[in-house]
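Structure assessment
Single-letter residue listing:
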Amino acid sequence: MFCRTCGKEVPENAEICLNCGAKPLAGNKYCQNCGAETNPKAVICVKCGAKLKHIGVGKDWLTAVLLSFFLGELGIDRFYLGQIGLGILKLITFGGFGIWWLIDFILIACNSIRDADGNKLQKH
Ligand SMILES: [Zn+2]
Ligand SMILES: [Zn+2]
């Protein structure tokens, strides 16, 4: 595959591009399938038709844990993760009357929740 940051070819499933040092799928400038330049907002490569993969950097885990614990009843943790719909639902139900609040807190503390972009939360 190709590095999406610099366009150089990298081994399949490589974690780090040896050319630029970035995660190969963290960029958005080149197609990971054919190496052609892509529009940063494109979802499909116009040259080869492949679905462009993008693995961004997840939200901060510790921030999510703290928000979930202190402001989870208002859905702030879900808002932080980019899940606006769930955040609103949580807000109007007061964290599912405390039950949802507790479940979310445990899930986030165990890092089993992904953000709206599907990225795992980052522990530092
Ligand atoms: Zn690279
Ligand atoms: Zn392509």
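For the structure itself, consult the block above.
Here's what I pulled together on the structure shown here. (Residues numbered from 1 in each chain as written. Chains lettered and ligands numbered in written order. Predicted model: local features only at pLDDT ≥ 70, side-chain atom pairs only at ≥ 80, totals over all residues. Heavy atoms only, no water.)

What to know about the overall build of the protein chain
Selection rule: By definition, any uninterrupted DSSP run of H or I lasting at least four residues is a helix, any uninterrupted run of E lasting at least two residues is a strand, and each is numbered from the N terminus. Values of the radius of gyration come from C-alpha atoms, whereas the globule rule sets the reference at 2.2 Å times the count of residues to the power 0.38. Remark: exposure states derive from per-residue accessible area (1.4 Å probe, protein chains only) relative to the maximum for the residue type, with buried under 20%, exposed over 50%, and partly exposed in between. His residues and chain termini do not enter the charge count, which takes Lys and Arg as positive and Asp and Glu as negative. A charged residue contributes its charge at one atom only: NZ of Lys, CZ of Arg, CG of Asp or CD of Glu.
Helix and strand counts for the protein chain come out as 5 helices and 0 strands. Helices and strands in the protein chain line up, N terminus first, as α-α-α-α-α. The globule rule puts the C-alpha radius of gyration for 124 residues at 14 Å, and the 18 Å found for the protein chain is more than 25% above it. Here the C-alpha coordinates of the protein chain stretch approximately 50 × 30 × 15 Å along the principal axes. Evaluated residue by residue, the protein chain yields a buried proportion of 35% over its 124 residues. Separation between the mean location of the 14 positive side-chain charges and that of the 10 negative ones in the protein chain comes to 5 Å.

Considering the coordination of the zinc ion (ligand 1)
Counted only if it meets this: With water excluded from the atoms, a metal site may look incomplete; its donors are any N, O or S atoms within 2.8 Å, or within 3.2 Å for Na, K and Ca. Angular criteria define each label, namely tetrahedral for four donors with all angles between 85 and 135 degrees, square planar for four and octahedral for six donors with opposite donors over 155 degrees apart and remaining angles between 65 and 115, and irregular for whatever fails these tests.
Around the zinc ion (ligand 1), the donor atoms from the protein are Cys3 (SG), Cys6 (SG), Cys17 (SG) and Cys20 (SG), and they sit 2.2 to 2.3 Å away. For the zinc ion (ligand 1), the 4 donor atoms are set out with angles of 106 to 116 degrees between them, so the coordination reads as tetrahedral. Judged by its relative accessible area of 21%, Cys6 is partly exposed. When its relative accessible area of 1% is taken as the criterion, Cys17 is described as buried.

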